[in-house]
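Below are the chains, spelled out letter by letter.
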Amino acid sequence: MNLLLAVPFLVPLLGAALALPMRRAPRTQRAVSALTLATVVAAAAALVRRTADGDVITSQAGGWPAPLGITIAVDPLSALLLLVSSVVLLVVLLYAIGQDVAGLSRAMPMVFHPVYLVLTAGVCLSFIAGDLFNLFVGFEIMLTASYALITQAPTRARVRASMIYTMVSLTSSILFLTGIALVYALTGTVNLADIAVKLGEAPPPLRMVLALLFLVVFGIKAAIVPMHFWLPDSYPVAITRISAIFAALLTKVAVYAIIRTQTLLFSRDDVSDVLLWMAIATMVIGILGALVQDDINRIMSFALVSHIGFMLFGLGVGTVAGLAGAIVYLVHHIVVQASLFLVNGLIRQFVGHTSLRAIRGLMAVTPVLALLFFLPAMSLAGLPPMSGFVAKAALFTAGADAGGWLLYTGIAAGVATSLLTLMAIFRIWVRGFWGEPLEDMIEARDQLRSQGMSGGRLLMTGSTAAMVAIGLALAAAAGPLTGFAFTAAEDLLGGGAYIESVLTGGES
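Quick look at the structure, then. Nothing here was measured: the structure is a model prediction, and the numbers come from that model.

**Quick look at the packing of aromatic side chains**
According to the stated counting rule, one finds 20 aromatic pairs in the structure shown. When the ring of Tyr 165 is compared with that of Trp 230, the centres are 5.7 Å apart and the planes differ by 55 degrees; the resulting orientation is tilted. Here Trp 230 lies in the loop between helix H8 (204–222) and helix H9 (231–234) and Tyr 165 lies in helix H6 (residues 156–187), a separation of 65 residues in the sequence. Like Tyr 165, the residue Trp 230 is buried in the burial classification. Joined through ring pairs, the aromatic side chains of Phe 133, Phe 136, Phe 139, Phe 176, Phe 214, Phe 218 and Phe 266 make up one cluster.

So, in structure tokens, the structure goes:
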């Protein structure tokens, strides 16, 4: 079991080390990357099965007892997110391999594969870290890898976006280190379970300040309003394989960190009103920004910001049902955002850009692409029976059951955001997919037909279709997914099982 816990972090690092010297053997490099991620998926699936009953599995590096050593801890939430994230990482990797095989990418494969695996290690470490410092290390690994990835196929816009992204992330990292230092000065430990115990003896005003500090730290990384300004300028300019992973995972890792710290460390401090106000502002301001954009990627980037608010709302409700709804929405959003950005990548490959000013009639020239866009877009808007509807219904029901004018305001904001999201998608559909196709789009279709569908293009389309199918599977498996989310939420709000498992060095 100790070996299984280490697989999601150590195997990607090992894969990166093996892939780095394989610059002259691209096929072998691709095989190593795909096999590495398949191994991580298998390990994550085993961990989900092991924690399905609410068990918390821990391991102490080097045999040092907690809180002295490095703790790895996997509970139902972290196991679920490990599985979903590793599946998305694998599918996007297959899309990237298809691009390379078809010769459609200007990125450097010899650099992309090892850095991509390092990014995978950072994501996985963030989910399994049992102490604040290694959570910080996980975020820094992601930052370093993502800076290298966002500058793939460099242009002026990408270099500028990477500088904005890096400066904002470094600012957040400095605040994160400050928070760790303050917590250590107060409690004498960085172990999450030990902090949760010792913070109970701290003065309530000081705990409240720390809770708000960590909310700001992770709020910057999660692009919560008003700390969101960097995201719409960074994600749309990156190449598709990068923007899909950034949109799907990087902000969600920060949301996970918010959920973990606010439930485990600061459960005694009521910041629910702050969370609810931030959720409302994020939902409304984000989607209003999407409505005034003319580029599909920028519309989706602002929609990404907006829908982070739904997860904050579930956390702010403060009940098991609300937190379970947030977890379901988190899983749904990871898959849907990856799907939409991959579809946008196919659009860019077909017409050369994603500007709605120069796209019309896509449905007539490529109905498959229209279908691949339509399904996840409807899920994002929350139309039944898609996974987005299931998640939003769970959130709104939990909010209504808890009651209170602020929760009802949040529900109203969520409904309005869903309608405005549908309006933004309708704009894309009317301007980009309906109507008479432009001449250059007809020529692109005819040229593609004359050349035939290459293996690389088939892999790109197939991986995108697989991601869309995963989103449909989430809707079909809404019952088991919701049940697992309730188990995770009960463990999070209880906290006792996690603390006992870490501090006693066993399972609970």
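From this point on, the discussion continues.
**Here's the deal with the pattern of salt bridges**
By the definition in use, this model includes eight salt bridges. Across the salt bridge formed by Arg 50 and Asp 55, the nearest N and O atoms sit 2.8 Å from each other. On the basis of relative accessibility, which here comes to 33%, the residue Arg 50 falls in the partly exposed class. Linking Asp 75 and Arg 260 is a salt bridge whose minimum nitrogen-to-oxygen distance equals 2.8 Å. Of the two residues, Asp 75 is situated in the loop between strand S2 (71–74) and helix H3 (76–102) and Arg 260 in helix H10 (residues 240–265); the sequence distance between them amounts to 185 residues. Judged by its relative accessible area of 5%, Arg 260 falls in the buried class. Taken together, the salt bridges that share partners define one network made up of Asp 294, Arg 357, Arg 427 and Arg 431.

**Focus on the side chain of Ser 387**
Assignment of secondary structure puts Ser 387 in helix H16 (residues 387–402). In this structure, Ser 387 is in contact with His 332, Ser 379, Gly 471, Leu 474 and Ala 475, ignoring residues within four places of it in sequence.

**Let's talk about a nonpolar patch on the surface**
Side chains of Tyr 147, Val 159, Met 163, Met 167 and Leu 170 sit close together on the surface and give an oily, nonpolar patch of about 430 Å² of accessible area. Among the structural elements, Tyr 147 can be located in helix H5 (residues 132–150). The exposure class of Tyr 147 is partly exposed, given its relative accessible area of 33%.

**Thoughts on unusual backbone geometry**
Peptide bonds are trans in most cases, and residues, glycine excluded, mostly fall at negative phi. A cis geometry characterises the amide bond from Val 225 onward to Pro 226, with omega recorded as 10 degrees. Tracing the backbone shows Pro 226 in the loop between H8 and H9. With an omega of 0 degrees, the peptide bond between Pro 384 and Pro 385 qualifies as cis. The residue Pro 385 is located in the loop between helix H15 (367–381) and H16 in this model.

The rules behind the values
Residues numbered from 1 in each chain as written. Predicted model: local features only at pLDDT ≥ 70, side-chain atom pairs only at ≥ 80, totals over all residues. Heavy atoms only, no water. Phe/Tyr/Trp six-rings, centres within 6.5 Å; stacked < 30°, edge-to-face > 60°. Helix = DSSP H or I, 4+ residues; strand = E, 2+ residues; numbered from the N terminus. Buried < 20%, exposed > 50% of the residue type's maximum accessible area, 1.4 Å probe, protein only. Salt bridge = Lys/Arg side-chain N within 4 Å of Asp/Glu carboxyl O. Contact = heavy atoms within 4.5 Å. Patch = residues over 30% accessible without salt bridge, like charges linked within 9 Å, V, L, I, M, F, W, Y side chains within 5 Å. Areas by Shrake-Rupley, 256 points an atom, 1.4 Å probe, with all protein chains shown as cover.

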